[in-house]
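# Examining the three-dimensional arrangement
In case you want the letters, here they are:
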Amino acid sequence: MQAPQQEYLQLFENSRPRLLGIAYRMLGSRADAEDILQEACVRWLAQESTEPESAQAWLTTVTTRLCIDYLRRAHVKRECYAGTWLPEPVDFIDDSEDPVDIAQSLHTAFLLLLEILSPTERAVFLLREVFNYEYRDIGAVLKLSDANCRKLLSRARRKIEDRKPRIEPDRGKQTELVQHFQQAIEQEDLTQFEQVLARDAILYSDHGGKALAARRPIFSRDKIARLLMGLRRKQAHEDQHVELRTVNQGSGLLFYQSGRLHTVMTFLVENGMIRAVYVVRNPDKLRQFSPSV
């Protein structure tokens, strides 16, 4: 007998944290991930044959397949994206119930790396490496044999192994470096930049054609420092506020003007130095971000 609709809705809500964790990592966008979950919920409530105890497997399958379809459609759109595409920053993804360390899999650098994988490779990699799914369960989600899933995972690992960032695991060290980076900007202190930025650091800006930002990556510590100090001088007279927050499970900076969030910065910290700075200024990617508290 079919469970009442309210029970099915509650089953969906119970699975939401894990589904959102999968969809966000697949798409790199909280807004798009929420859209996928809404579609998955509609399909879940409309179907009549699945038993309640199979809810998580059914919902994982539908969510993953919807994400794969979305990525295939979005391929051309991202190729035509104005400037550098960066993942949408998030301050919180509640999938802490998963029995793995999730912090690095939410890092901006890690999400960017996933872009070199095909949609199916990405699904296999995330379900296996991040969410600890068995090969038989991944195969059921993707309608593939265990052997094919193993091949796809092996291929995905080869693609990203040499490029995988060595993210600083110590959050305290991350935060300290980001605080010094913030001080270097505010004090226009080149010496302090030299102490926290790697000589060959890179700055990426995502504006989407909707905000002023560097149109190409900025290479080298000196050029990054000059750019940020120059922006600081131009905005010195404005009502500016900078807030240190947790972004994508790392230390990030939020920049406000007259109470409006206009920029989110995240960082790749390797070997005690900031190796990369990721600047999101596209207003469409800041809408989902919770306001300053």
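For the structure, check the block above.
Residues numbered from 1 in each chain as written. Predicted model: local features only at pLDDT ≥ 70, side-chain atom pairs only at ≥ 80, totals over all residues. Heavy atoms only, no water.

What follows deals with the packing of aromatic side chains. Working definition: an aromatic ring pair is given by the centre-to-centre distance plus the angle between the planes. Counted according to the given criterion, the structure contains six aromatic pairs. Aromatic pair Y204 and Y278: ring centres 5.7 Å apart, planes at 10°, arrangement stacked. Of this pair, Y204 sits in strand β1 (residues 197-206) while Y278 is found in strand β6 (residues 273-280), placing the two residues 74 residues apart along the sequence. The partly exposed category is assigned to Y204, whose relative accessible area is 23%. (Phe/Tyr/Trp six-rings, centres within 6.5 Å; stacked < 30°, edge-to-face > 60°. Helix = DSSP H or I, 4+ residues; strand = E, 2+ residues; numbered from the N terminus. Buried < 20%, exposed > 50% of the residue type's maximum accessible area, 1.4 Å probe, protein only.)

What follows is about the sheet that holds strand β4 (residues 250-257). Strand order in the open sheet formed by six strands is β2-β1-β6-β5-β4-β3, and the pairing between neighbours is mixed. Since the sheet does not close on itself, it has two edges, and those belong to β2 (218-219) and β3 (240-247), each with one partner. Pairing geometry for β3 and β4, over eight bridges, is antiparallel. Looking across to β4, one finds that V242 is bridged to F255. Contacting β1, β2 and β5 (260-270), helix α10 (residues 221-234) runs over the sheet at an angle of about 50° to β1. (Pairing = 2+ DSSP bridges. Contact = heavy atoms within 4.5 Å. Axes fitted to C-alpha atoms, helices over the stretch in contact; angles between N-to-C directions.)

One finds M26 and F125 to be the most contacted residues of the largest nonpolar core, which totals 49 residues. Mapped by element, the contributors of at least two residues to this core are α1 (5-27), α2 (30-46), α3 (55-79), α4 (108-113), α5 (119-130), α6 (135-142) and α7 (146-161). It is α1 that provides the largest number of residues to this core, a total of ten residues. In this view, M26 contacts T64, C67, I68, L71, P119, R122, A123 and L126; residues no more than four positions away in its chain are not counted. Core analysis: the next-biggest nonpolar cluster, separate from the first, contains 26 residues, V196, L203, L228 and V242 among them. (Core = buried A, V, L, I, M, F, W, Y, C linked by side-chain atoms within 4.5 Å.)

So, on to α5. Between its first and last C-alpha, α5 extends 16 Å over twelve residues, near the 16 Å set by a 1.5 Å rise per residue. Among all positions of α5, only P119, T120, E121, R122, A123, V124, F125, L126, L127 and V130 are buried. In this fold, the buried residues of α5 make contact with α1, α3, α4, α6 and α7. (Expected span 1.5 Å × (residues − 1).)

In this section: the pattern of salt bridges. On inspection of all chains with the given rule, the structure shows 17 salt bridges. Measuring nitrogen to oxygen at the nearest pair gives 2.8 Å for the salt bridge that ties K159 to E121. Taken together, the positions of K159 in helix α7 and E121 in helix α5 put the pair 38 residues apart, joining distant regions of the chain. According to the relative accessible area criterion, K159 is partly exposed, its value standing at 35%. Residue R275 pairs with E270 through a salt bridge whose shortest N-O separation is 3.6 Å. Of the residues examined, R275 reaches a relative accessible area of 23% and is grouped as partly exposed. Looking at E270, the relative accessible area reads 14%, which means it is buried. (Salt bridge = Lys/Arg side-chain N within 4 Å of Asp/Glu carboxyl O.)

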